[in-house]
Amino acid sequence: MTDLTRYERQGRLQGRCLCGAVTIDVDGGHVAAVGACHCYICQQWSGALYATFDAKADAVTVTGEVGRYRSSEHAERTFCPTCGAHLWYRNVTREAADYELMAGLFREAAGFPLVSEIYVDQAPDYVSLAGDHSRRTAADYESRTTFVEGDDP
Ligand SMILES: [Zn+2]
Ligand SMILES: [Zn+2]
């Protein structure tokens, strides 16, 4: 697993969807680093690249109507019903599960480092992310992560 503890911090971040109908306020614990997933579900959902950072459930306040899609037994993926912007992925079987917030909604997250890529063997040819971060294949990821704790699909 990628050790994210060094990127944990308290603080405030504000994000919004493209049209502004949904705002996401993070005030509290979050990880100031981004992870990318190239699994086919994330590709289809995001349209190309799934890149998120984690925020504690009790730190997240959402305003505006949110569309929800249950992408598996344990996960939901949300979006703005007006503009279609993707908002977050979350394990809904655990009340305290972190939000995995789409980084592009938050201007400040543009300065976060990329620390992890998973499902690299499913990445499309047109996506190649530079840097010296953790890269794991589907088999490697699934062999060490249970779906209960993991972040896919
Ligand atoms: Zn919107
Ligand atoms: Zn994925």
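Scroll up to find the structure this text is about.
This write-up is about the structure you can find in this document. The model shown is predicted, which means the values in this text are computed figures rather than measured ones. Positions within a chain are numbered from 1, following the residues in the order the chain's sequence is written. To label them, take the chains in the order written and letter them from A, then take the ligands in the order written and number them from 1. Whole-chain, interface and lining totals are the exception, using all residues; otherwise, since this is a predicted model, local features are given only for residues with pLDDT of at least 70 and side-chain atom pairs are given and counted only at 80 or more. In computing side-chain properties, one takes all heavy atoms of the structure into account and sets aside hydrogens as well as water.

### So, the coordination of the zinc ion (ligand 1)
Here is step 1 of the chain: Distances decide who is a donor: an N, O or S atom must be within 2.8 Å of the metal, or within 3.2 Å for Na, K and Ca. Water is not included, so sites may look incomplete. Protein ligation of the zinc ion (ligand 1) involves Cys17 (SG), Cys19 (SG), Cys80 (SG) and Cys83 (SG), the donor distances falling in the range 2.3 to 2.4 Å.
Here is step 2 of the chain: Taken together, the four donor atoms coordinating the zinc ion (ligand 1) span angles of 106 to 114° at the metal, a pattern that classifies the geometry as tetrahedral.
Here is step 3 of the chain: In the primary structure, the donors to the zinc ion (ligand 1) are separated according to the pattern C-x1-C-x60-C-x2-C.
Here is step 4 of the chain: Think of it in three bands: residues with accessible area under 20% of the maximum for their type are buried, residues over 50% are exposed, and the middle band is partly exposed, with areas taken using a 1.4 Å probe on protein chains only. The exposure class assigned to Cys17 is buried, which follows from its relative accessible area of 2%. Any site counts as irregular unless it has four donors with all angles between 85 and 135 degrees, making it tetrahedral, or four or six donors with opposite ones more than 155 degrees apart and the rest between 65 and 115, making it square planar or octahedral.

### Some thoughts on the pattern of salt bridges
Here is step 1 of the chain: Whenever a carboxyl oxygen of Asp or Glu lies within 4 Å of a side-chain nitrogen of Lys or Arg, that contact is scored as a salt bridge. Per the stated rule, a full pass over the model turns up seven salt bridges.
Here is step 2 of the chain: Ionic pairing is found between Arg135 and Glu117, a salt bridge with its closest N-O pair at 3.4 Å. Here Glu117 lies in strand S10 (residues 114-118) and Arg135 lies in strand S11 (residues 134-136), a separation of 18 residues in the sequence.
Here is step 3 of the chain: Given a relative accessible area of 42%, Arg135 falls into the partly exposed group. Secondary structure elements are taken from DSSP: a helix is a run of H or I of four residues or more, a strand is a run of E of two residues or more, and numbering for both begins at the N terminus.

### Description of the nonpolar core
Here is step 1 of the chain: By nonpolar core we mean a set of buried residues, namely Ala, Val, Leu, Ile, Met, Phe, Trp, Tyr and Cys, connected to one another through side-chain atoms within 4.5 Å. Ranked by internal contacts, the top residues of the largest apolar core, which has 35 residues, are Ile24, Val26, Phe53, Leu87, Leu101 and Phe106.
Here is step 2 of the chain: For this core, the secondary structure elements donating two or more residues are strand S2 (23-31), strand S3 (34-37), helix H1 (40-46), strand S4 (50-55), strand S8 (86-91), strand S9 (99-102) and helix H2 (138-144).
Here is step 3 of the chain: Here, two residues are considered to be in contact whenever any of their heavy atoms come within 4.5 Å of each other. Setting aside its immediate chain neighbours within four residues, Leu87 contacts Cys17, Val22, Ile24, Trp45, Val66, Thr78, Phe79, Cys80, Glu100, Leu101, Met102 and Leu105.

### Observations regarding the environment of Val34
Here is step 1 of the chain: Within the secondary structure, Val34 is located in strand S3.
Here is step 2 of the chain: Classification of Val34 by relative accessible area gives buried; the value is 8%.
Here is step 3 of the chain: C-alpha separation for the pair Val34 and Thr61, spaced 27 residues apart in sequence, amounts to 20 Å.
Here is step 4 of the chain: Excluding anything up to four places from it in sequence, Val34 contacts Ala51, Thr52, Ala103, Phe112, Pro113, Leu114, Val115 and Ser116.

### Description of the packing of aromatic side chains
Here is step 1 of the chain: Ring pairs shown here join Phe, Tyr and Trp side chains whose ring centres sit within 6.5 Å, with only the six-membered ring taken for Trp; geometry is labelled stacked below 30 degrees between planes, edge-to-face above 60, and tilted in between. Overall, the coordinates contain five aromatic pairs when judged by the stated rule.
Here is step 2 of the chain: Geometrically, the ring pair formed by Phe53 and Phe112 is edge-to-face, given 5.4 Å between the ring centres and 85° between the ring planes. With a gap of 59 residues between them, Phe53 in strand S4 and Phe112 in the loop between S9 and S10 connect regions that are remote in the sequence. The same class applies to Phe53 and to Phe112, which are both buried.
Here is step 3 of the chain: Look at Tyr119 and Tyr141: their rings are 5.6 Å apart centre to centre, the planes differ by 55°, and that puts the pair in the tilted class. Taken as a pair, Tyr119 in the loop between S10 and S11 and Tyr141 in helix H2 lie far apart in primary sequence, 22 residues in all.

### Digging into the side chain of Asp25
Here is step 1 of the chain: Note that Asp25 resides in strand S2.
Here is step 2 of the chain: The term polar contact refers here to a pair of N or O atoms within 3.5 Å; inside protein, the definition further demands a hydrogen-donor-capable atom paired with an acceptor-capable atom, and it admits residues adjacent in sequence only when both atoms are side-chain atoms. A polar side-chain atom of Asp25 sits 3.2 Å from a polar atom in the side chain of Arg12.
Here is step 3 of the chain: The residues contacting Asp25, other than those within four sequence positions of it, are Arg12, Leu13, Gln14, Ala59, Val60 and Thr61.

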